[in-house]
Amino acid sequence: MEKEIYDGAKERAAGRRRRILLRSVVTAAFWACVLFIWHNSLESAEVSAGRSGKVTEMVNGVFASLGQEPVTEHFVRKFAHFSEYGLEAVLTVLVFLAYRFTPGKFLWKMMLTGLVTAITDELLQFFSAGRAPGFWDVCIDMAGFICGVLLMCAVCLLMGKAYETWVQKKKGQKSSLN
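Here the structure is a predicted model, which means the values were calculated and not measured.

1. Quick look at helix 2 (residues 45-65)
Working step 1: Given a rise of 1.5 Å per residue, 21 residues ought to cover 30 Å, and the 30 Å separating the end C-alpha atoms of helix 2 matches this to within 8%.
Working step 2: Buried within helix 2 we find Ser48, Ser52, Gly53, Thr56 and Asn60. Taken end-on, helix 2 shows its buried residues confined to a sector of 135 degrees, consistent with a single buried face. Among the exposed residues of helix 2, those pointing more than 90 degrees away from its buried face are Lys54, Glu57, Met58 and Ser65.

Spelled out as structure tokens, the structure:
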């Protein structure tokens, strides 16, 4: 009896350590993403355009090898906004899950997280040489964020269904053994 209690306590302690590690890693990844977004907004227009130009050249090189039409630097810049915020949304959902918040219950808080990041991102451009904030950039950012949240909701639903199926199979195996 005492050994069972001791083993249970060891299991709970190991679970707590894994949860703390998971929370730490996911939270650090979330903040790294947000700081990356804000860092990009603090760059001057010249530096930002230079980087966007290089990425556009690279993308167009790949597209040319596939026989596709080239894209504009404007498209690349807006797609980057969309993608950064999609990643932030994925990490936001993971943070909420790691801290055991139900995403459906806290959806408005997740959306607020994305909106605060996007507005701060645009406001930081007031302090960047040659750049200015834009309302439509916030809209693009939020579209990316919403798509990221929807993606994670779909993944969570699929994982939940897979888990339920696995549990049902386990129950079926146990009942056939009895």
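2. A look at the side chain of His81
Working step 1: Position of His81 relative to the elements: it lies in helix 3 (residues 73-98).
Working step 2: Filtering out sequence-adjacent residues up to four positions away, His81 remains in contact with Asp121, Glu122, Asp137, Ile140 and Asp141.

3. A closer look at unusual backbone geometry
Working step 1: One non-glycine residue, Arg100, lies in the positive phi region at around 65 degrees.
Working step 2: Topologically, Arg100 is positioned in the loop between helix 3 and helix 4 (107-124).

4. Observations concerning the environment of Asp141
Working step 1: Position of Asp141 among the secondary structure elements: in helix 5 (residues 135-177).
Working step 2: Here Asp141 falls in the buried class, since its relative accessible area comes to 0%.
Working step 3: Considered as a pair, Asp141 and Leu115 are 26 residues apart in the sequence and their alpha carbons are 8.2 Å apart.

Conventions and cut-offs
- Residue numbering note: each chain is counted from 1, following its sequence as written.
- Residues qualify for local features only when their pLDDT is at least 70, as the model is predicted, and side-chain atom pairs are given and counted only at 80 or more; totals for whole chains, interfaces and linings, by contrast, use all residues.
- Hydrogens are left out, water is left out, and the side-chain values use all remaining heavy atoms of the structure.
- The helix and strand labels rest on DSSP assignments: H or I over at least four residues marks a helix, E over at least two residues marks a strand, and numbering proceeds from the N terminus.
- To estimate how far a helix should extend, the number of its residues minus one is multiplied by 1.5 Å.
- We call a residue buried when its accessible area falls under 20% of the maximum for its residue type, exposed when it is over 50%, and partly exposed in between, using a 1.4 Å probe and counting protein chains only.
- Directions pointing from the helix axis toward each C-beta atom define the arc.
- Any two residues having at least one pair of non-hydrogen atoms within 4.5 Å are treated as being in contact.

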